[in-house]
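Each chain, letter by letter, is given below.
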Amino acid sequence: MPKAFFDYADRGSYAEETLRANRDDLQQIKFRQRILVDVSNAIFRPPSSGTRIAAADPGADRTVRHATRRWRDPCLSRRARRRHSLYAEHDVDLLDRDVAANVDKPFWFQLYVMKDRGFIKALIERAIAAKCSALVLTVDLQVIGQRHQDIKNGMTVPPEWSVSKFFDFASKPGWVSGVLRGKRRTFGNLVGHLKGTDDITALGTWISTQFDTTLNWKDVAWIRSIWPGKLILKGILDVEDAEEAVKTGAQALVVSNHGGRQLDGAPSSIEVLPEIVDAVGSQMEIMFDGGVRSGQDVMRALALGAKSCMIGRAYIHGLGAFGGPGVAKAIDIIANELNVTMGLCGVNTIAEIDDHVLAI
Ligand SMILES: Cc1cc2nc3c(=O)[nH]c(=O)nc-3n(C[C@H](O)[C@H](O)[C@H](O)COP(=O)(O)O)c2cc1C
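Residues numbered from 1 in each chain as written. Predicted model: local features only at pLDDT ≥ 70, side-chain atom pairs only at ≥ 80, totals over all residues. Heavy atoms only, no water.

Colleague: I would appreciate a short explanation of the pairing of strand β6 (residues 285–288) in the present structure.
Modeller: Summarising the sheet, strand β5 (residues 252–255) and β6 pair through four bridges and their orientation is parallel. In the strand pairing of β6, Leu-253 is matched with Ile-286. A crossover links β5 with its parallel partner β6, the connecting element being helix α12 (residues 269–280), and its sense is right-handed. As defined by bridge partners, β6 adjoins strand β7 (residues 308–309) across two bridges and the pair is classed as parallel. Bridge assignment links Phe-288 to a residue of β7, and that residue is Cys-309. Since β6 and β7 lie parallel, the crossover through helix α13 (residues 295–303) that links them has a hand, and here it is right-handed. (Pairing = 2+ DSSP bridges. Helix = DSSP H or I, 4+ residues; strand = E, 2+ residues; numbered from the N terminus. Right-handed = clockwise from strand over helix to strand, strands pointing away.)

Colleague: Could you clarify how one ought to interpret the packing of aromatic side chains in this entry?
Modeller: Here the distance between the centres and the angle between the planes together describe a pair of aromatic rings. Taken as a whole, this structure holds six aromatic pairs when the rule is applied. Judged by centre distance (4.9 Å) and plane angle (40°), the rings of Phe-5 and Trp-175 are tilted. What links up through ring pairs into an aromatic cluster is the set Phe-5, Trp-161, Phe-169 and Trp-175. Arg-261 extends its terminal NZ or CZ atom over the ring of Tyr-8, reaching a point 5.0 Å from the ring centre. (Phe/Tyr/Trp six-rings, centres within 6.5 Å; stacked < 30°, edge-to-face > 60°. Lys NZ or Arg CZ within 6 Å of the ring centre and 35° of its normal.)

Colleague: Just to check I follow, could you spell out the nonpolar core for this structure?
Modeller: What tends to happen in soluble globular proteins is that the nonpolar side chains get buried as a cluster. Of all hydrophobic cores here, the largest spans 67 residues; its most connected members are Leu-111, Ile-223, Leu-253, Leu-273, Ile-276 and Ile-286. Broken down by element, this core gets its largest block of residues, six residues, from α12. Listed in part, the eight residues of the second largest apolar core include Trp-108, Ala-134, Val-254 and Met-287. (Core = buried A, V, L, I, M, F, W, Y, C linked by side-chain atoms within 4.5 Å. Buried < 20%, exposed > 50% of the residue type's maximum accessible area, 1.4 Å probe, protein only.)

Colleague: What exactly am I supposed to notice about the pairing of β5 here?
Modeller: Side-chain direction in a regular strand flips from residue to residue, so the side chains alternate between the two faces of the sheet. Side chains Ala-252 and Val-254 project from β5 onto one buried face, and the interleaved Leu-253 and Val-255 project onto a second face that is buried too. Across four bridges, the pairing between strand β4 (residues 230–236) and β5 is parallel. Following the sheet pairing, Leu-233 is matched in β5 by Leu-253.

Colleague: Just checking my understanding: could you explain the packing of helix α14 (residues 313–322) against helix α15 (residues 324–344) for this structure?
Modeller: Two quantities define a packed helix pair, namely the angle between the axes and the distance from one axis to the other. Contact pair α14 / α15: the axes reach a minimum separation of 6 Å and the direction vectors enclose 140°. On the basis of the axis angle, α14 is oblique to α15. Every pair of crossing elements has a handedness; the one defined by α14 and α15 is right-handed. Residues Ala-314, Tyr-315, Gly-318, Leu-319 and Phe-322 of α14 touch α15, and the partners they reach there are Gly-324, Pro-325, Gly-326, Val-327, Ala-330 and Ile-334. Its residues placed into classes, the contact of α14 with α15 shows eight nonpolar, three polar and no charged. (Axes fitted to C-alpha atoms, helices over the stretch in contact; angles between N-to-C directions. Parallel < 35°, antiparallel > 145°, perpendicular 65-115°, else oblique. Left-handed = near helix turned anticlockwise from the far one by under 90°. Contact = heavy atoms within 4.5 Å. Nonpolar A, V, L, I, M, F, W, Y, C, P; charged D, E, K, R; others polar.)

Colleague: Could you clarify how one ought to interpret the packing of helix α1 (residues 3–10) against α14 in this entry?
Modeller: Close contact between α1 and α14 brings their axes to 10 Å; oriented N to C, the two are set at 160°. One way to sum up the angle between α1 and α14 is to call them roughly antiparallel. Crossing angle aside, the handedness with which α1 passes α14 is right-handed. Of the residues in α14, those touching α1 at Phe-6, Ala-9 and Asp-10 are Arg-313, Ile-316 and His-317.

Colleague: What should I look at first to understand a negative patch on the surface in this one?
Modeller: Together, Asp-238, Glu-240, Asp-241, Glu-243, Glu-271, Glu-275 and Asp-278 give the surface a local cluster of negative charge. Breaking the negative patch down by element, the ones donating at least two residues are α11 (239–247) and α12. Mapped onto the elements of the fold, Glu-275 is located in helix α12. (Patch = residues over 30% accessible without salt bridge, like charges linked within 9 Å, V, L, I, M, F, W, Y side chains within 5 Å. Areas by Shrake-Rupley, 256 points an atom, 1.4 Å probe, with all protein chains shown as cover. Salt bridge = Lys/Arg side-chain N within 4 Å of Asp/Glu carboxyl O. Lys, Arg positive; Asp, Glu negative; His and termini not counted. Charge placed at Lys NZ, Arg CZ, Asp CG, Glu CD.)

Here it is, written out as structure tokens:
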């Protein structure tokens, strides 16, 4: 894919200190190797052999749905681009007829609260009608962290074109033709609800004016009052905020710094995980993301009290490289690494994983 798009996904905000810290801090956590423990009950799963690796599919967000089919609770982003689009952590027109009709298990819906509250309410009503099993409310994006690389690459609203960007795209004819052949190059959940949503630039402009700096806990209470199902607050990094989150009646929170794409200089997610688990872990389900690239990283987060992990770039890299099968492959690799790591740490089940597996 063109470098501009790769960088959009891969890079972080400002000096990328938090982006780096997410990885560095995870890697510093060492395991206790245990020997001669019967781990025959560990759920060792061989990598899915014979997975066909298709050529990279530039319009591939649909294929993520297939890739995540085997997994619990795939999550659909508010901004999913196409009908049928499912992201491993992340959109709702999609919700009613299209995705709901095509997904054979409960799926989550991820939402940002935007200025147009009527639109947000309509999205939530559709999420209810589509029987989404959870609403993931992302709460760390009321202002947007600046990503220098996007500016350099002209990934701005509206996009800027330069000679180097032209050559960047011209050198990826397969990707460009795939995108041009794609049926839809806009955001499915916004289509039909906003004027001019078939124009990606107009859409980008609309989105960029919709982030709401007034957002506060009362808005979460409002969402809670109109969403009857499981509510997950994503983007919490501070104990005081976690304690506030408990009061909202949300069932879960995600310890997350948006993959180092928002507040640069914020701690890594793994650094704050234990204190948040200590403070509210008995009252809420604690989930984790930020820097997870391997099963070892999943094990580290579980050992420090997370109940589950989410991945961003790890599956996006798989998608970029090999399309839908690449997403499945990325998830298989991580699952397999987790199983092997469990075995080498003398652990048979996920439930047994706690800080005893760590050499700290
Ligand atoms: C390209 C890209 C797009 C993202 N879009 C969203 C989004 O729409 N909503 C959201 O809550 N988080 C979004 N995130 C953040 C991820 O949900 C997640 O918090 C982060 O990627 C985790 O870090 P990791 O990439 O190191 O796994 C995005 C991340 C990336 C890399």
